[in-house]
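These are the residues of each chain, in order.
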Amino acid sequence: MARASYIAVGLDSRLQTPAPSIVGLVSCVLTCFCLVGCAEPENAVPVWEQVKIGDLAPYEGERTPRPQTLKTVNLDVYIFETPAANLDKLDKIRKTFYIRPLRLKSYPSFDADGFLVRFGQGERWSQIRDIVLAAGGQRVANVSLALPDALSETIAVAGLDRPQSIFFTAPDGSKQAANIGPGVLGLRVKAETIPGARGRCSVSAYPVFSPPTQRAVPLLTLRAKMREFPFTTAAFGLNMRPGDFVYLGPKEYLSDQTTLGGLFFSNPQGRLFFSQTEAAEFKPAVRVFLLFCTGVNY
């Protein structure tokens, strides 16, 4: 600012006593500049007449993209535990609901390992829920799944704190053993699109053992994935649409935790059950699963 003031003062001092010839020359130049610079061109078109409708359209890059609906199959999975002594009250489900349109990977294996599965539709949902509650069922978990096409999710069912052998039935009827643990036995659920069938999907599920994983270390996660053991002999599948549901439960109570059916469905340690007529007490329990399709966004 000091330098600028100094220059301005210097110019003022010089302009105080200019030579007459210089003043006349400056005045002439300024007059010519104004006459030339401010002249309006002939036949000028007003700017508003040059604007086209297309010029008023919003810039494409500023448009907000339309949200895209995520393509998924939505399932609600309910897990109940009922007193093992009340298992006979659940037999009404076997007699009342349907085996069709269910598909089993191996019916002999599924049956021999004590698995029972039934199908129902929306208007009978309250009926099957009332049967489970009447048997003393208490909800212990509720999981909402949003499954993209051909991808799966696993729901934890029972934990293993040490290595052990789990016995299951092969399709030929022979008994086999899987050496697993520690880790988690879960229910893996997978959904796939059906070509040409809008609003319907193919759902499959089966028990699977998964060792502990370290999500922060991809290599360890991959190795753990390779150590999984899928019990596909107990797999089932069906085509579903919104409102369809599946019941999965045991045929009988198996306290032996070295069998696939016993480990998957039974809780010998028991849980605390409450009753309106009896005092609350711990009782051996069985697990049952209800899978309800809430949406098919394909």
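Bear in mind the structure is a predicted one, so any value in this text is a computation, not a measurement.

**Q** Before we go on, may I ask you to explain the state of the cysteines in this structure?
**A** Disulfides are covalent bonds that connect the sulfur atoms of two cysteines. Across all of its chains, the model carries zero disulfides by this definition. With no disulfide of its own, Cys293 has Cys201 as its nearest cysteine by sulfur position, at a separation of 5.0 Å. When its relative accessible area of 0% is taken as the criterion, Cys293 is described as buried.

**Q** Any chance you could explain the pairing of strand β12 (residues 245–250) here in plain terms?
**A** Two faces make up the sheet, and in a regular strand the side chains alternate between them. Most of β12 sits inside the fold, with six of its six residues counted as buried. Judged by which residues are buried, β12 turns out to be covered on both faces: Phe245, Tyr247 and Gly249 on one side and Val246, Leu248 and Pro250 on the other are all buried. Across six bridges, strand β3 (residues 115–120) lies against β12 in antiparallel orientation. Residue pairing for β12: Arg118 is matched across the bridge by Tyr247. The pairing of β12 with strand β14 (residues 281–296) spans four bridges and is antiparallel. Counterpart to Val246 in the pairing with β14 is Leu291.

**Q** Looking at this structure, how should I read the environment of Thr259?
**A** Here Thr259 lies in the loop between β12 and α8 (260–265). Here Thr259 falls in the partly exposed class, since its relative accessible area comes to 21%. Separated by 93 residues in the primary sequence, Thr259 and Ile166 have C-alpha atoms spaced 5.3 Å apart.

**Q** Is there a simple way to think about the pairing of strand β8 (residues 183–193) in this case?
**A** Sheet topology note: the strand β5 (residues 152–160)/β8 ladder contains eight bridges and is antiparallel. Counterpart to Ile155 in the pairing with β8 is Leu187. Strand direction decides the pairing type here: β8 and strand β9 (residues 201–210), joined by ten bridges, are antiparallel. Each residue of the ladder has a partner; that of Thr193, found in β9, is Cys201.

**Q** Whenever I open this one, the side chain of Glu228 confuses me. Can you help?
**A** Turning to its location among the elements, Glu228 is positioned in the loop between α7 (218–226) and β10 (229–230). Note on Glu228: relative accessible area 19%, which makes it buried. Engagement of the side chain of Glu228 in a polar contact is seen with the side chain of Arg188, the distance being 2.9 Å. Polar contacts involving the side chain of Glu228 include one to the side chain of Ser210, which spans 3.2 Å. Non-local contacts of Glu228, meaning those with residues more than four positions away in its chain, are made with Arg188, Val208, Phe209, Ser210 and Pro211.

**Q** I'm lost on helix α6 (residues 125–134) in this one. Help?
**A** Because each turn of an α-helix spans 3.6 residues, side chains separated by three or four positions in sequence point in the same direction. Where α6 is concerned, the buried positions are Trp125, Ile128, Ile131 and Val132. Projected onto a plane normal to the axis of α6, the buried residues spread over an arc of 135° and lie on a single side. Looking at the packing, one finds that the buried side of α6 touches β1 (72–83), α4 (91–96), β12 and β14. Trailing α6 by a residue or two, Gly136 shows a phi angle of about 85°, which is positive.

**Q** Would you explain the packing of aromatic side chains in this entry?
**A** The description of an aromatic ring pair uses the distance of the two centres, along with the angle that the planes make with each other. Enumeration over the complete set of coordinates arrives at 13 aromatic pairs. Both rings, one in Tyr78 and one in Trp125, keep their centres 5.7 Å apart while their planes meet at 45°; by these two values the pair is tilted. With Tyr78 in strand β1 and Trp125 in helix α6, this residue pair connects regions lying 47 residues apart in the sequence. Trp125 carries the same exposure label as Tyr78, and that label is buried. Ring pairing ties together the aromatic residues Tyr78, Phe97, Trp125, Phe245 and Phe292, which thus form one cluster. Of note, Arg124 hangs over the ring of Phe97, and the distance from its end group to the ring centre comes to 4.3 Å.

Basis of the calculations
- Residues numbered from 1 in each chain as written.
- Predicted model: local features only at pLDDT ≥ 70, side-chain atom pairs only at ≥ 80, totals over all residues.
- Heavy atoms only, no water.
- Disulfide = S-S within 2.5 Å.
- Buried < 20%, exposed > 50% of the residue type's maximum accessible area, 1.4 Å probe, protein only.
- Helix = DSSP H or I, 4+ residues; strand = E, 2+ residues; numbered from the N terminus.
- Pairing = 2+ DSSP bridges.
- Polar contact = N/O pair within 3.5 Å; in protein donor to acceptor, adjacent residues only side chain to side chain.
- Contact = heavy atoms within 4.5 Å.
- Arc of directions from axis to C-beta.
- Phe/Tyr/Trp six-rings, centres within 6.5 Å; stacked < 30°, edge-to-face > 60°.
- Lys NZ or Arg CZ within 6 Å of the ring centre and 35° of its normal.

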